[in-house]
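Observations on the model geometry
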Amino acid sequence: MKRPPIRLLPDKKCLIMPSLLISSLFIFIYLTLPLTHHPHHSDHTPFPHTHLSDSSKLPRFAYMIAGSKGEGLQLKRLLQAVYHPRNYYLLHLDIEASDSERLELAKYVKSVDVMRNVMVIGKPDLVTYKGPTMIACTLHAVAVLLKKANDWDWFINLSASDYPLMAQDDMLHIFSYLPRDLNFLEHSSTIGWKENQRARPIIIDPGLYHMKKSSVFYAKEKRSMPASFKLFMGSAWVMLTRSFLEFSIWGWDNLPRTLLMYYTNLLSSPEGYFHSVVCNHKDYQNTTVNHDLHYIRWDNPPKQHPISLTIEHFADMIQSGAPFARKFAKDDPVLDKIDKEVLRRSSGRLTPGGWCAGNSALGDPCLVYGSPDAIRPTLNSKRLERLVLELLSSENFRAKQCK
């Protein structure tokens, strides 16, 4: 069988976007008509006829999947669940993980012939929880993806405790109808208690100058709120456009660098850095969609970490329409349920899609692969469609941008 006709990354061990967005009403019509009447989508079968799409219309996602000590197997499972030959994947086990764990992950990637679009960072970063080294690690991943993969549309960051709630075919199908300049991130300038507990304290991350991981520590002084820009905070989980991230990395305006220096001493920088950059620049502040594309459950009142999802949350998370959920404990039974009932993925195998050309009755259909442009959306795409239409409605889209 012929290999995928796209340029894939070799295995590694290791412009500004248009400022005019179409109106919410036009987006609603644009999405509703094609998705409702698309000739290869069916409301009656979970596996509609495989459709060979125009490759210029299908997007590409660039994933960063990050983990730490003891999470190598979780990263492997997550990679299998979200893999698609159209996308790019960068795996990072931080410096706390052992070299052997990192090597095992790299060996697995090399052993799967189709995974020529997957990279494993060989020289890991030191990542301090709540420290700026977290955002530095993300920016490192973005820079590598910009250098090694020049044709992706959106960047998505996941951790070892995330898991998909639909196949990549479903995401590719729905996002093929969206403008490529939409940035999905939960954000708000009404930061409440975070002003005194996040914005005003001054912290130091030892990971910036030590090789051994340790906790951040606090300075005695506190700072005033900034006057030259506005702080926005939200979820650390984002789906950002390539053009916005080129701006964030290259910074032809000094705003990304200014904010990066400011967030160097701010607690939990991944929950505010990109949010503040996008909302303080006129070319990007009208491109935001106020959602992190995750299903997350919190205690009431919220604690430091979200609730660990289990089988009791299964129905709610699927009906949410979100393409991802977190957080999951390692090997929780709900992951097996998602694999079996949602992804149709057997243990140790890749999530099947239109690109898998083998006979499932004879074994793993993805051992034989055809065109990466062949997608086979399932009923889960309808749930994502409903979520997207809600987010882009006149009540939500403009009304919740950078407020």
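All of these numbers come straight from a predicted model, not from anything done at the bench. (Residues numbered from 1 in each chain as written. Predicted model: local features only at pLDDT ≥ 70, side-chain atom pairs only at ≥ 80, totals over all residues. Heavy atoms only, no water.)

1. Digging into empty space enclosed by the protein
Its volume calculated, the second largest cavity comes out at about 30 Å³. Along its surface, the second largest cavity is lined by Tyr83, His84, Ala167, Gln168, Asp169, Thr351, Pro352, Gly353 and Trp355. By residue class, the composition of the lining of the second largest cavity is 4 nonpolar, 4 polar and 1 charged. (1 Å grid on protein atoms, 1.4 Å probe; cavity = no way out; pocket = protein on both sides within 12 Å on 5 of 7 lines; lining within 4 Å. Points joined across faces, edges and corners; volume = space filled by probe spheres on them. Nonpolar A, V, L, I, M, F, W, Y, C, P; charged D, E, K, R; others polar.)

2. Side note on the pattern of salt bridges
Overall, the coordinates contain 18 salt bridges when judged by the stated rule. When the shortest N-O distance is used, the salt bridge between Asp373 and Arg86 registers 2.5 Å. With Asp373 in the loop between α11 (333–343) and β16 (374–375) and Arg86 in the loop between α2 (72–82) and β3 (88–93), this pair connects stretches of sequence that are 287 residues apart. On the basis of relative accessibility, which here comes to 1%, the residue Arg86 falls in the buried class. Several salt bridges share partner residues, and in doing so they unite Arg77, Asp331, Asp336, Asp339 and Arg345 into one network. (Salt bridge = Lys/Arg side-chain N within 4 Å of Asp/Glu carboxyl O. Helix = DSSP H or I, 4+ residues; strand = E, 2+ residues; numbered from the N terminus. Buried < 20%, exposed > 50% of the residue type's maximum accessible area, 1.4 Å probe, protein only.)

3. Considerations on the sheet that holds strand β6 (residues 163–164)
Strand order in the open sheet formed by 3 strands is β6-β15-β14, and the pairing between neighbours is mixed. Looking along the sheet, the strands with just one partner apiece sit at the ends: β6 and β14 (294–295). Sheet topology places β14 next to strand β15 (residues 324–325); 2 bridges connect them, and they run parallel. Looking at β15, one finds that Tyr295 is bridged to Ala325. (Pairing = 2+ DSSP bridges.)

All we've got here are geometric facts, nothing functional implied.
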